[in-house]
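Take a look at the letters that make up each chain.
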Amino acid sequence: MKICPQCHHHFNQENWHCPACGYTPPSLNGHLTFAPELAAESAGFEAEFFPKLAQLEAKNFWFRSRNRLIIYAIKHYFPQAKNFLEIGCGTGFVLQGIEKNLSHLTCSGSEIFTAGLEFARERLCKTTLFQMDARNIPFAEEFDIIGAFDVLEHIEQDTDVLAKMYQATQNGGYHTDRSSTSLAMESS
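Described below are features of the structure shown in this document. None of these values were measured; they are calculated from a predicted model.

1. Comments concerning the nonpolar core
Core analysis: the largest hydrophobic core is formed by 21 residues, its most contacted members being Ile87, Ile137, Phe139, Ile146 and Met165. Looking at this core, the elements with two or more residues in it are β5 (83-87), β8 (143-148) and α5 (158-168). What isoleucine 137 contacts, discounting residues up to four positions off in sequence, is Ile3, Ile87, Met132, Val161, Lys164, Met165, Gln167 and Ala168. Phe78, Ala81, Leu105 and Ile145 belong to the second largest nonpolar core, which has 19 residues in total.

Take a look at the structure:
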């Protein structure tokens, strides 16, 4: 279910036009933006790292191994999952692996920086991408799985992000946080 960033009305429809107040999030470089004031600059990570990161990920042992572990965990622990949200998707490297190996999942990727989304758009063919501040996730009970891989350590209000992840996970769904090496399942 979507949550209107303007009036906080919960609604369930394909587009982001709020039926209660008429608000539609702005688009920036072809991506819906839920925190446009943070799209170019935010604390905790430097957007100018994206070009180098995009260049290194496919050849780097850490990123390749991490993708294999994430894909294994989703296949093994969440075989019934239908959709997945990655918070802080960066250049889309994790989502590219998920698209390739778990084609049954409907994927979404969020990133605070639109610069990262430009690289992700080049890598991905069926994932929905949008700009978002993880401290204010505009969804409730929407996703079977939510992942935030190497993200929480960059956000001072990490407990707020975890609470929002919990809110956005469907009852009976799952959320993962690789940075603290936990894997948790919500109770049904």
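2. With respect to the packing of aromatic side chains
Per the stated rule, a full pass over the model turns up nine aromatic pairs. Ring geometry for phenylalanine 84 against phenylalanine 149: centres 6.5 Å apart, planes inclined by 15°, an arrangement best described as stacked. Placement of phenylalanine 84 in strand β5 and of phenylalanine 149 in the loop between β8 and α5 is noted, with a sequence separation of 65 residues between them. When sorted by exposure, phenylalanine 84 lands in the same class as phenylalanine 149, which is buried. Ring centres of phenylalanine 130 and phenylalanine 139 lie 5.8 Å apart, and the angle between their planes is 50°; this geometry places the pair in the tilted category. On the accessibility criterion, phenylalanine 139 (6% relative accessible area) is buried. Ring pairs connect the aromatic residues Phe11, Trp16, Phe34, Phe130, Phe139 and Phe143, which therefore count as one cluster.

Definitions and cut-offs
- Residues numbered from 1 in each chain as written.
- Predicted model: local features only at pLDDT ≥ 70, side-chain atom pairs only at ≥ 80, totals over all residues.
- Heavy atoms only, no water.
- Core = buried A, V, L, I, M, F, W, Y, C linked by side-chain atoms within 4.5 Å.
- Buried < 20%, exposed > 50% of the residue type's maximum accessible area, 1.4 Å probe, protein only.
- Helix = DSSP H or I, 4+ residues; strand = E, 2+ residues; numbered from the N terminus.
- Contact = heavy atoms within 4.5 Å.
- Phe/Tyr/Trp six-rings, centres within 6.5 Å; stacked < 30°, edge-to-face > 60°.

So far we have only geometry, and geometry alone does not tell us how the molecule works.
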